[in-house]
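What the coordinates show
Listed below are the residues making up each chain.
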Amino acid sequence: MRDFDIIVYGATGFTGRLVAEYLTQNAAPRWAMAGRSLTKLQEVRDEIGAPADTPLIVANSDDAATLKAMCQRTEVLLTTVGPYQLYGNDLVAACAETGTAYVDLCGEPAWMRHMIDAHHETARRTGARIVFSCGFDSIPFDLGVLTLQEAAKAKGGHPAPRVKCRVRKMQGTFSGGTAASLKATLAAAARDPSIFGLLINPFALTPGFDGPSQPKGMLPEYDRTIGAWVAPFIMAPINTKNVHRTNFLLGESYGADFVYDEMVVAPGLGDMGKAAAEAIARINPMASDKGPKPGEGPSKEERDNGFYDLLFIGEMADGTRLDAVVTGDRDPGYGSTSKMIAEAALCLVHDVQGDGGIWTPGALMGVPLRKRLIDNAGLTFTAG
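Residues numbered from 1 in each chain as written. Predicted model: local features only at pLDDT ≥ 70, side-chain atom pairs only at ≥ 80, totals over all residues. Heavy atoms only, no water.

Topic: the overall build of the chain
The line we're drawing: Under the scheme used here, helices are H or I runs from DSSP no shorter than 4 residues and strands are E runs no shorter than 2 residues, and both carry numbers assigned from the N terminus. For the radius of gyration, the atom set is restricted to C-alpha positions; the globular benchmark scales as 2.2 Å times the number of residues to the power 0.38. A simple rule labels every residue: compare its accessible area, found with a 1.4 Å probe on the protein chains alone, to the largest value its type can have, and call it buried under 20%, exposed over 50%, or partly exposed in between.
Per the secondary structure count, the chain includes 15 helices and 14 strands. Here the chain has a C-alpha radius of gyration of 20 Å; the compact-globule value for 384 residues is 21 Å, and the two agree. Principal-axis analysis of the C-alpha atoms gives the chain an extent of 60 × 45 × 45 Å. Scored against the burial criterion, the 384 residues of the chain give a buried share of 54%.

Side note on the sheet that holds strand E11 (residues 307–315)
Our working definition: Any two strands between which DSSP finds at least two bridges are classified as paired. For helices, the fitted line uses only the C-alpha atoms of the stretch in contact; every axis is such a line through C-alpha atoms, and the angle between N-to-C directions lies from 0 to 180 degrees. Whether two residues are in contact is decided by their heavy atoms, any of which lying within 4.5 Å being enough.
Strand order in this open sheet of seven strands is E8-E9-E10-E7-E11-E12-E14, and the pairing throughout is mixed. Each edge of the open sheet carries a strand with a single partner, namely strand E8 (221–223) and strand E14 (379–383). This sheet shows a mean twist of 30° between the axes of neighbouring strands, independent of strand direction. Where strand E12 (residues 321–328) lies against E14, five bridges are found, and the strand directions are antiparallel. Among the inter-strand pairings, Val326 is bridged to a residue of E14, identified as Phe381. Against the sheet, helix H7 (residues 139–156) contacts strand E7 (162–171), strand E10 (259–265), E11, E12 and E14, and its axis sits at roughly 35° relative to E11.

A word on the packing of aromatic side chains
Selection criterion: Any Phe, Tyr or Trp ring, taking Trp's six-membered ring, that has another such ring centre within 6.5 Å forms a pair; planes under 30 degrees apart are called stacked, those over 60 apart edge-to-face, and the others tilted.
One pass over the structure, following the stated rule, counts 12 aromatic pairs. Seen in terms of ring centroids, Tyr102 and Phe132 are 6.0 Å apart; in terms of plane orientation they differ by 90°. Their pairing is edge-to-face. Separated by 30 residues along the polypeptide, Tyr102 in strand E5 (residues 101–103) and Phe132 in the loop between strand E6 (129–131) and H7 bring together distant segments of the chain. Residue Tyr102 is classed as buried on the basis of its relative accessible area, which comes to 0%. Phe132 gets classed as buried once you look at its relative accessible area, which sits at 2%. Ring geometry for Phe141 against Phe233: centres 5.7 Å apart, planes inclined by 40°, an arrangement best described as tilted. In this pair, Phe141 sits in helix H7 while Phe233 sits in the loop between strand E9 (228–232) and helix H10 (236–249), placing the two residues 92 residues apart along the sequence. Taken together, the ring pairs in this structure connect Tyr84, Tyr102, Trp111 and Phe132 into an aromatic cluster.

Brief notes about helix H5 (residues 89–98)
Most of H5 is tucked away, with seven of its 10 residues classed as buried. Gly99 sits one or two positions beyond H5 and adopts a positive phi of about 70°.

A look at the pattern of salt bridges
Side-chain pairs of opposite charge can arise where the charged atoms are in close proximity. Basically, it comes down to this: Should a side-chain nitrogen of Lys or Arg be within 4 Å of a carboxyl oxygen of Asp or Glu, the pair is scored as a salt bridge.
One pass over the full model with this rule turns up 21 salt bridges. Notably, a salt bridge pairs Arg124 with Glu121, separated by 3.7 Å at the nearest N-O pair. Residue Arg124 and its partner Glu121 are located together in helix H6 (residues 109–126), separated by three residues, close to a single helical turn. Accessibility assignment for this pair places Arg124 and Glu121 in one class, exposed.

Brief notes about the nonpolar core
Short version of the rule: Among buried residues, those of type Ala, Val, Leu, Ile, Met, Phe, Trp, Tyr and Cys that are joined through side-chain atoms within 4.5 Å constitute a nonpolar core.
Ranked by size, the top nonpolar core spans 96 residues in total, and within it Met70, Val103, Phe132, Phe312 and Met365 carry the most contacts. The residues touching Phe132, leaving out its near neighbours within four places in the chain, are Val92, Tyr102, Asp104, Cys106, Trp111, Met112, Met115, Ile358, Trp359 and Pro361. Listed in part, the seven residues of the second largest apolar core include Ala110, Ala188, Leu198 and Ala204.

Description of helix H2 (residues 38–47)
Given 3.6 residues to a turn, an α-helix orients residues that are three or four positions apart in the same direction. Basically, it comes down to this: This arc describes the spread of directions from the helix axis toward the C-beta atoms.
Among the residues of H2, those classed as buried are Leu41, Val44 and Arg45. Angular distribution of buried residues about the axis of H2 spans 100°; they occupy a single face of the element. Residues of H2 that are exposed and point more than 90 degrees away from the buried face comprise Asp46 and Glu47. Looking at the buried residues of H2, the elements they touch are helix H1 (14–25), strand E2 (31–35) and strand E3 (56–58). Just downstream of H2, Gly49 is the residue with a positive phi angle, here 80°.

Here's the deal with the environment of Gly328
Tracing the chain through its elements places Gly328 in strand E12. Note on Gly328: relative accessible area 6%, which makes it buried. When the C-alpha positions of Gly328 and Ser253 are compared, they lie 26 Å apart, and in sequence the two are 75 residues distant. When near neighbours in sequence (up to four residues on either side) are disregarded, Gly328 contacts Phe307, Tyr308, Gly378 and Leu379.

A few points about the pairing of E2
Strand residues, when the strand is regular, have side chains that alternate between the two faces of the sheet. This is how it is decided: Here, the term right-handed applies to a crossover whose path from the first strand over the helix to the second runs clockwise when the strands point away from the viewer.
Burial within E2 is extensive, with five of its five residues counted as buried. Neither face of E2 is left uncovered, since the one carrying Trp31, Met33 and Gly35 and the one carrying Ala32 and Ala34 both have all their residues buried. The pairing of strand E1 (residues 4–9) with E2 spans four bridges and is classified as parallel. Following the sheet pairing, Ile7 is matched in E2 by Ala32. Taken together, the three bridges between E2 and E3 define a ladder with parallel strand orientation. Within the sheet, the bridge partner assigned to Gly35 lies in E3 and is Val58. The β-α-β motif built from E2, the intervening H2 and the parallel element E3 has right-handed crossover chirality.

Examining the packing of H7 against H10
For clarity, the cut-off: Roughly parallel here means an angle under 35 degrees, roughly antiparallel means over 145, roughly perpendicular means 65 to 115, and every remaining angle is called oblique. A clockwise turn of the near helix away from the far one marks a right-handed crossing, whereas an anticlockwise turn of less than a right angle marks a left-handed crossing. Residues are grouped as follows: nonpolar covers Ala, Val, Leu, Ile, Met, Phe, Trp, Tyr, Cys and Pro; charged covers Asp, Glu, Lys and Arg; every other residue, Gly included, is treated as polar.
Close contact between H7 and H10 brings their axes to 9 Å; oriented N to C, the two are set at 45°. Considered as vectors, H7 and H10 are oriented oblique to each other. Remark: the crossing between H7 and H10 carries right-handed chirality. Here Phe141, Asp142 and Val145 of H7 come into contact with H10, specifically with Asn239, Asn242, Val243 and Thr246. Of the residues assigned to the contact of H7 with H10, the class counts are three nonpolar, three polar and one charged.

These results come straight from atomic positions and should not be treated as a statement about function.
In C-alpha cells:
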C-alpha cells in the first residue's frame, strides 16, 4: 500500500493551489502537496486552511530521481505543472515505470502523441493509468459527446455519425498555463516542422487509425442546423483530437465514419451575426500579453461569475437530430478546471480500475466521472 491516494504536484501554482483548496474542503482521502519549494508549500498549506499535518513533498521537474521517488509514494499523481512539453517528460516516464496513475491539464497534442508513442506500452505493462486533458480541455467535450452517443444508441440503436459541438455561451478567461503551452508548442514546431503535421491532423492521437475527412473549422460559416453564424473555437484543435482518441480506445464505439467539429456561436442574426463571427475569427486571445501569466489568475469573484454552455448536435443517419447540453457553473480556465481534475483523480482512486495505458477521460472514466462532476463539480449533462 502506498503512502498517499493523491499527490498534487504544482500545489504552489495558481491552479494547483485551487485543486489543493478543493481537496481540503471536500474531505479528500490521504493526500499530499508537492512542489519545488518547501517554504512555499508551507505558505500555501496555511493560506488555504489545509490541516497543519498535510504532508509536503519537495520534487523538481528537472530532477528525475525526486519525481520517481514521489510517484512511488502515491496511487494517483495529479500535476498542474506545465507546459507539459517542458516539464512533463520525466514525470510521465516515472508514472509509467512505477505503475502510478496520472492526471494532468494538457492541451498540447504533439507532446501527447510523443508520450503515447514512448510510454503507452510501458504503462499497459505496469498498470499505470495515464490520463491527459482532465480540465476544460477536454472533459466537457469528451463527456458531452459520450452523453450524446449514449442517447443516440438508446433511441435508435446506432451512434450519430455526425456530431457538432457549438459553444453557445462562455464567460471566463483561458489560463496562463494554456497560453504558455500554446507558445511552447509553436516554438517547438518552429524547431521541428513535423509537429505541424500532428497539430493539423485530427487523428494525431489515434496511431494506426485514420477516419474520414473532418471539418477544418478555420473560417466563419453559417450553420443551418442552428440558424446562426459560427466562428472558430480556439480549443477545438485539442478537444477534437481527444474525442477521436476516445472513439479509438472504445473500439470505434461512435463508428469508424464518425465526424466531429467544434465552433463558437456568434451573437446576432443575419449580417450582424456574420460580422460578429468574422470578428471572433480575427481575435487570438492567446496573443495578448494582458492575460494571466502562469501562476496568475482571476479573482474568486471572477471565477464564481464564470460559466459555459455547450450544445452537442447529433445528426442521425436517418436525418433526425438529437441534442445534448453540457453546462459548467464556474469560469472554464480555472474554477471549473480545478474541480474537474480533482474529481478525475478521486474517480481513479475510488471508482475506476481499468487497464494501464494512456487514456482519455471519456474512454477510461466515462459514466462514473460524469456522475462525480454532476454531484460535486457544478456540471450538468442532459440529452434528449
